[in-house]
Structures are given as C-alpha cells and as structure tokens.
Amino acid sequence: MSDARSIATIDLTALRHNASRLARAAGGAELMAVVKANGYGHGAVPCAQAALDGGAGSLAVASVEEAEELRLGGVSARILIMSPLAGAGFDRALAAGCEVVVGDDAGVRGMAAAAGPGRPARVHVEVDTGMGRLGVAPDGAMALAEAADAAGCEVVGLMTHFATADERVGPEAGFMMEQLVRFRQLVPAFRDRFPGAQVHASNSAATLRDPDAAFDMVRCGIALYGCSPFGGDPSDDDLIPVMHWTSRLAQVKPFTSRMSAGYGRTWRAARGTWVGIIPVGYADGFSRDLSNNDEVLVGGRRVPVVGTVSMDLVAVDLGPEAVERGGEEVVIIGRQGDERITADEIARRRGSISYEVTCAVSPRVARVHQG
Ligand SMILES: *Cc1c(COP(=O)(O)O)cnc(C)c1O
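Within each chain, residue numbers correspond to sequence positions counted from 1 in written order. Residue-level local features of this predicted model are given only where pLDDT is at least 70; pairs of side-chain atoms are given and counted only at 80 or more, and the full residue set underlies all totals for whole chains, interfaces and linings. Just so you know, side-chain values use all the structure's heavy atoms and leave hydrogens and water out.

### As for the environment of alanine 93
- Along the chain, alanine 93 falls in helix 5 (residues 89-95).
- Given the relative accessible area of 0%, alanine 93 is considered buried.
- Each C-alpha atom, one on alanine 93 and one on arginine 119, is 9.9 Å from the other, the two residues being 26 residues apart in sequence.
- If we skip the residues at most four places from it in the chain, alanine 93 touches Val64, Ile81, Leu85, Cys98 and Val100. Helical segments are the DSSP runs of H or I of at least four residues, strand segments are the runs of E of at least two, and each set is numbered from the N terminus. Buried residues are those whose accessible area, probed at 1.4 Å on protein chains only, stays under 20% of the maximum for their type, while exposed residues exceed 50% and partly exposed ones sit between those limits. Between two residues, a contact is recorded if the distance between any of their heavy atoms is within 4.5 Å.

Structure below.
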C-alpha cells in the first residue's frame, strides 16, 4: 500500500487506444495530440509519447514553457504552440524548434524577428470564423498569410477553431457548419498559394462528429484522455478513461444521529452511521463545489460525500452497516467492482466540463504512469 494521500494512475494503454480511435475517425488526416496544461492534468511527456505511439503525428501545446518541457523530456516530434507569444517567447519557440499559430500582425512581426539561419519561422495562420477569440477575420486571412511570407516566415498551416462542435443537438448545433462554410471558402486560394501547408479545424468533438471537417489534420485533446467531448458517457464513442484517481479511508468512525461533519456543519447524520475520512480536499483538486454533492466508490459501492469539502480532507457516509474500518481503497475517478465514476459525471455535478475536472487535479497528487 502506497503512503501517498491520493494517486492519479494514468493508463497509457487506454491513451494509445484513444489515439488510434481518433486517428481512425480522422480518416487519412494527421492526428495532432493536444497535450497543453500538463496533458489536461495527466502528465505531458508520458502522454505525448503514448499519443505518438498510438498514431499521432504531431503535438500541440498552449505555451512556450509547455513546449520546452516536452523537449526537455526528450520529445522530438513537431510541436505547435497555439496561444499568443510575447517578448522572448518567439525566440524560445524557435529555439525549441516549434511551429506557432499567428492571428495578427504582432504575431507575424514577432516570428519574423526571431527567425534566423537554421531557425525557420513556421507559422499557422488562424482564422476567426466565429469562435470570437483568437485569429484574423476571414477576409483578412490571405493578406495575413502573404504578410507572413513577405516578412520571411514559412506559412505551413491555415486553421480555425469551432465554438460549438460539442453541441450535437440544441440551438447552436448548426453553428459549426456555418463556421465550416466560412473556412472552406478560404481553402482553395490558400492551397494554390501555399501548396504543402496543412489545413486544420477540428477538435475532438468535431473529429468524432464530422469526418468531412478533418481536412489535413485534426487537433484532439479531451478525447485522447478518454473523456467524452459531448459531456456524455465516453464508452458511447469508444473512448477509455485514462485517469484513475484513488485514495484510502484515513479514518472510519461511528456517528450518532445529529452529529455533524466538517466546516459549517452543512451535514448532520440522520441516523447512526459510519463516516469515513478521505485525505483529499480542494487543494488536491477535489472541488469545494462537490460539498454534499458527489459520490466515491468504497468496497465496490457508491457512497455520498457529506459535509463541506476542506482543503485537505473530505468525509463520506459509509452507512450504518459499513464493514470498512480504515485503510480501504477509495475511488474518486475510475472503476471499482462493477461501479464506475467518470470525470464527465463529476463535471455534470459541478456544472462544469471534464476538462476542468482533470486539469484541476493538483501537483500534490502523484501521477503514476502505467502501461
Ligand atoms: C485545446 C484546443 C484543442 C483541443 O480541443 P479538445 O476539445 O480538447 O479536443 C484544439 N484546438 C485548439 C485551438 C485548442 O485550443
């Protein structure tokens, strides 16, 4: 038995399965594995390696620091930095041999200035087709690509990002198609002018939803980690959850009726029961929003979280007939017996998305990579 308070076991066999599943969904298009934010909380370097082994052809991150971490970890694959750089970030990106997304003149200027002999400034031009975030307006896309080329950059990509690919039904379900139409209009002229450059648009949801949006490459994150990009059950899309977050019952004690657990006395025993204390709290990434609003697995059954989640601890009601007396395994995310709790389920309880659930698992929780 480990002495860790809790452990996030990362199943790299599952990750390789998910990568090959996405590569298949992408048809002939390249799979770019998105490993930003420490691989959505799963550990960037081992996940990048597993994704490449599973069929990914390249990697994407948000920041130059994340790219440097991959290089230090021995990853030699192509890396695309997707969020805007500033200051010395351009130099560092090129020193790390990365490609960079540009969506305005400042990005082009920064990349052109950082280029040098043996340090090509490879850029992907981002078009804002409706995400309303980064990128140039569609009617300025060719001009920005031309400006990048004239400034000495190598234009190697044209991309956009969907705002509603995860909504298969509902009022915004059709907006992805509108964005796709706007993007598609730019593609022929771009391909004529920059043959060999890659055109890409799809995230995980779009990759699973519409193979026609794959173009030359798809950029997948969440599905790689076995979470449903649609907020549902990952197995519906043949995805296997990668993170298993487990702990132990640190203490088990009898409660008589009306005894309370935790700060603010937000829960009181309605009857005599056994309460288990788990050494996990919001500083570990177990959100305080889960106070009186979550279940964990103990002995193969679901037991409710009771009381307010503290920084380091949380209580569960094991019930009057509990057989546990301390030391037993607790599953926060993952399987135990026939029961399973997904990051998607926790996200639904919190009114959030699985991305935030796994990203929030803090550095205090040891990652153990297996498979
Ligand atoms: C994070 C990100 C992705 C990956 O999205 P998922 O929904 O996790 O697949 C793709 N493209 C861009 C621009 C991103 O920022």
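### What to know about the environment of glutamine 185
- Within the secondary structure, glutamine 185 sits in the loop between helix 8 (175-184) and helix 9 (187-193).
- Classification of glutamine 185 as exposed rests on a relative accessible area of 61%.
- Once the C-alpha coordinates of glutamine 185 and arginine 349 are considered, the two residues, 164 residues apart in sequence, prove to be 41 Å apart.

### Focus: the nonpolar core
- What makes a nonpolar core is a set of buried Ala, Val, Leu, Ile, Met, Phe, Trp, Tyr and Cys residues whose side-chain atoms join them at distances within 4.5 Å. Leu70, Ile81, Met111, Phe286 and Val296 are the most contacted members of the largest nonpolar core, which has 119 residues in total.
- Sorting elements by how many residues they give to this core places helix 1 (residues 12-25) first, with seven residues.
- Throughout, the edges of the domains are those of an automatic or database domain assignment. Both domains that furnish three or more residues to this core are identified here as domain 1 (12-227) and domain 2 (243-341).
- For isoleucine 81, the residues in contact, after removing those within four places along its chain, are Val61, Ala62, Ser63, Val64, Ala67, Ala93, Cys98, Glu99, Val100 and Val101.
- Grouped together as the second largest cluster of nonpolar side chains are eight residues, Ala261, Ala269, Val306 and Ala315 included.

### Digging into the state of the cysteines
- In what follows, a disulfide is any cysteine sulfur pair within 2.5 Å. Enumeration according to the criterion identifies zero disulfides in this entry.
- Distance from the sulfur of cysteine 153, which forms no disulfide, to the nearest cysteine sulfur (cysteine 98) is 15 Å.
- Looking at cysteine 153, the relative accessible area reads 5%, which means it is buried.
- As a non-bridged cysteine, cysteine 227 has cysteine 359 as the owner of its nearest cysteine sulfur, 9.6 Å distant.

### Overview of the pairing of strand 9 (residues 217-220)
- Side chains Met217 and Arg219 project from strand 9 onto one buried face, and the interleaved Val218 and Cys220 project onto a second face that is buried too.
- Relative to strand 9, strand 2 (residues 30-34) runs parallel, the two being bridged by four bridges. Bridge pairing in strand 9 places leucine 31 opposite valine 218. Two strands are counted as paired when DSSP detects at least two bridges linking them.

As far as function goes, none of this settles anything; it's purely spatial.
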